[in-house]
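# Topology and contacts: notes
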Amino acid sequence: MAQRRILIVEDEATLRRIVADALEEAGHSVITASDGAEGLRLFRQEQPHLVIADIMLPKMDGYEMVRT
């Protein structure tokens with residue numbers, strides 16, 4: 001199976017790292033962001049295969065980020 005690039009957008013650092021570590025152990029490439037604005041920027045720049053986003057994020061909530 002080809003390696004998938006996954007973007008995790010989560011403001012809680014510990015949770016973001018736990019999810020990223022688990023996905024990396026499963027063989028995926030992981031990109032992380034700590035707020036919605038950074039998540040949107042990385043989405044446009046990196047074009048990940050999948051986005052995992054929290055709803056309550058600083059700067060731009062997860063709903064707005066995904067709609068944009």
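For the structure, check the block above.
What comes next concerns the included structure. (Residues numbered from 1 in each chain as written. Predicted model: local features only at pLDDT ≥ 70, side-chain atom pairs only at ≥ 80, totals over all residues. Heavy atoms only, no water.)

### Description of the side chain of E10
The residue E10 is located in the loop between strand 1 (5-9) and helix 1 (13-25) in this model. Not counting the four nearest positions on each side in its chain, E10 is found in contact with L15, R16, A33, S34, D54 and L57. (Helix = DSSP H or I, 4+ residues; strand = E, 2+ residues; numbered from the N terminus. Contact = heavy atoms within 4.5 Å.)

### So, the sheet that holds strand 2 (residues 29-33)
Strand order in the open sheet formed by 3 strands is 2-1-3, with parallel pairing between adjacent strands. Two strands close off the open sheet at either side, each with one partner strand: strand 2 and strand 3 (50-53). Recorded for the sheet is a direction-independent mean angle of 20 degrees between the axes of neighbouring strands. Here strand 1 pairs with strand 3 via 4 bridges, running parallel. Bridge assignment links I8 to a residue of strand 3, and that residue is I52. Sheet strands touched by helix 2 (residues 36-46): strand 1, strand 2 and strand 3. Its angle to strand 2, the strand with the most contacts, is close to 145 degrees. (Pairing = 2+ DSSP bridges. Axes fitted to C-alpha atoms, helices over the stretch in contact; angles between N-to-C directions.)

### Overview of the pattern of salt bridges
Within this structure, the stated rule accounts for 3 salt bridges. Here D35 and K59 are joined by a salt bridge, their closest N and O atoms 3.7 Å apart. Taken together, the residues span a long stretch of sequence, with D35 in the loop between strand 2 and helix 2 and K59 in the loop between strand 3 and helix 3 (62-67) at a distance of 24 residues. Owing to a relative accessible area of 9%, D35 belongs among the buried residues under this scheme. Here the salt bridges share partners, and the residues they tie into one network are R17, D21 and E24. (Salt bridge = Lys/Arg side-chain N within 4 Å of Asp/Glu carboxyl O. Buried < 20%, exposed > 50% of the residue type's maximum accessible area, 1.4 Å probe, protein only.)

### Notes on the pairing of strand 2
Pairing geometry for strand 1 and strand 2, over 5 bridges, is parallel. Residue pairing for strand 2: L7 is matched across the bridge by I31. Once you follow strand 1 into helix 1 and on to strand 2, the crossover reads as right-handed. (Right-handed = clockwise from strand over helix to strand, strands pointing away.)

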